[in-house]
Amino acid sequence: FSDSGFSTRIGAAGGSYSPSGSTTAITAYARWVGISTTNLLLHVDAANPASYSGSGSTWTDLSGNGNHLALCTGAVTLGGTSRTVTAPTFDTANGGVFNFDSQYDCVNKSSLNLSASRTNFSYFTWIKPSSIGVFQSIAMSHRSWANTLPIWRFDIAADGKLFFLDYNGTTGFNGTSSGTLTANQWAYVGFVRDGNSGTFYINGVSSGSISTTTSVTYESAGVFNVGFDYRDGVNPFSGSIGAIHYY
C-alpha cells in the first residue's frame, strides 16, 4: 500500500506499508488535503501541527478567519447552574485527535467571525463515537444560558442517526438522517443547509434530506460549542473528534 497523494495520514507509520499474513477486510480512513476552501469559515485539524501542536489551550483555525477554538476551562452557567467545564484530552493516535470523555469536555469560541447573518451553511467533522444509545451533542451554535439567540444543533440521536435542529422561538429544521453511525468507528459526518432544505452526509454519501417552512437566520453572536449542549449542560459527546470543516 502507498500513501502517495495524502498529506496527512491517520495512524501512519511511514511512507509505505508491507503487511504480512492474510486478512479478509481492510478499512482505510483519510483526511483529504483537497477540501474546498470556498466560503470556509472554520477549519481545525488535530493531526496538523499548524492547527494543534500537541499542547496548549488553543485549537488554531486554518481557514484564515481567526475562528480559533479554546479548550474549555473554568466555571460556566449551564442550565441555570454553575458548572466547571474541562478540556478534551489530546491523543496522538490516528495522527492526532481530541478525546471527549467527561461530561463537560468542550472546545468553543465565544462568537464566530462571520461576515454577515446567514441562512445557508455546511458543517462537517471527523468523529468516532465511543458508544451509541444515548443522545449526544456534536456541535451547537449560537446559544448559551445567558441569551436567546437563534440556534442550530447537530447531534447523534440515541438510535445512532444524525440529528439536526434549528430554532428561533419557533422550530425550523427538526429531523434525522437515514443512515446510522457505529460505535468505535470513524465517520466523516455533515449537514448542508440550502435555504429551507437540508441534507445529511455520512462518509461523503447523502444520508437523507429534511425540509422546513420556518427559515431561521443564524447570527454571528453567541457561543459556538463542540462537546455538549452548551445551553442546558446536557447530552455530552463521548468519543474522539479529529477535524472540523464549517462553511
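To keep things clear, this report deals only with the structure shown in the data block. (Residues numbered from 1 in each chain as written. Predicted model: local features only at pLDDT ≥ 70, side-chain atom pairs only at ≥ 80, totals over all residues. Heavy atoms only, no water.)

### What about the overall build of the protein chain?
The condition that has to hold: Strands here mean DSSP runs of E at least two residues long; helices mean DSSP runs of H or I at least four residues long; both are numbered from the N terminus. Partly exposed residues are those whose accessible area sits between 20% and 50% of the maximum for their type, while under 20% is buried and over 50% is exposed, using a 1.4 Å probe and protein chains only. Any two residues having at least one pair of non-hydrogen atoms within 4.5 Å are treated as being in contact. The protein chains shown are the only cover counted for residues, whose accessible areas, like all others here, come from Shrake-Rupley with a 1.4 Å probe.
A tally of regular secondary structure across the protein chain gives zero helices and 18 strands. For the protein chain, with 247 residues in total, the buried portion stands at 46%. At a minimum sequence separation of 6, the contacts of the protein chain that also span at least 24 residues come to 61%. When the accessible surface of the protein chain is totalled, it reaches about 10900 Å², and 46% of it is carbon and sulfur.

### Thoughts on the pairing of strand β7 (residues 97-100)
The condition that has to hold: A pair of strands is considered paired only if DSSP assigns at least 2 bridges between the two.
The alternating pattern of β7 places Val97 and Asn99 on one face and Phe98 and Phe100 on the opposite face, and all of these are buried. Pairing analysis gives three bridges linking strand β6 (residues 89-91) to β7, with the strands arranged antiparallel. Within β7, the position partnered with Thr89 by the bridge is Asn99. In this antiparallel pair of consecutive strands, β6 and β7, the connection spans five residues, and Asn94 shows a positive phi of 60 degrees. Where β7 and strand β18 (residues 239-246) come together, three bridges link them in antiparallel fashion. Looking across to β18, one finds that Asn99 is bridged to Ser240.

### Observations concerning the environment of Cys106
Turning to its location among the elements, Cys106 is positioned in the loop between β7 and β8 (107-109). Placed 20 residues apart in sequence, Cys106 and Thr86 show a C-alpha to C-alpha distance of 6.4 Å. If near-sequence neighbours (up to four positions away) are discounted, Cys106 is found in contact with Ala70, Leu71, Cys72, Val85, Thr86, Ala87, Pro88, Phe100, Asn225, Val226 and Phe228.

### Some points on the environment of Thr89
Take Thr89: it is sitting in strand β6. Judged by its relative accessible area of 42%, Thr89 is partly exposed. Beyond its immediate stretch of four places on either side in the chain, Thr89 contacts Val97, Phe98, Asn99 and Asp101.

### Considering the sheet that holds strand β3 (residues 69-71)
Within the open sheet, the eight strands sit side by side as β2-β3-β8-β17-β10-β11-β12-β13. Their pairing is antiparallel. Strands with a single pairing partner mark the edges of an open sheet, and in this sheet they are β2 (58-59) and β13 (171-180). Examined bridge by bridge, β3 and β8 share two bridges and lie antiparallel to one another. Counterpart to Leu71 in the pairing with β8 is Val107.

The values reported here are purely geometric and, on their own, carry no functional implication.
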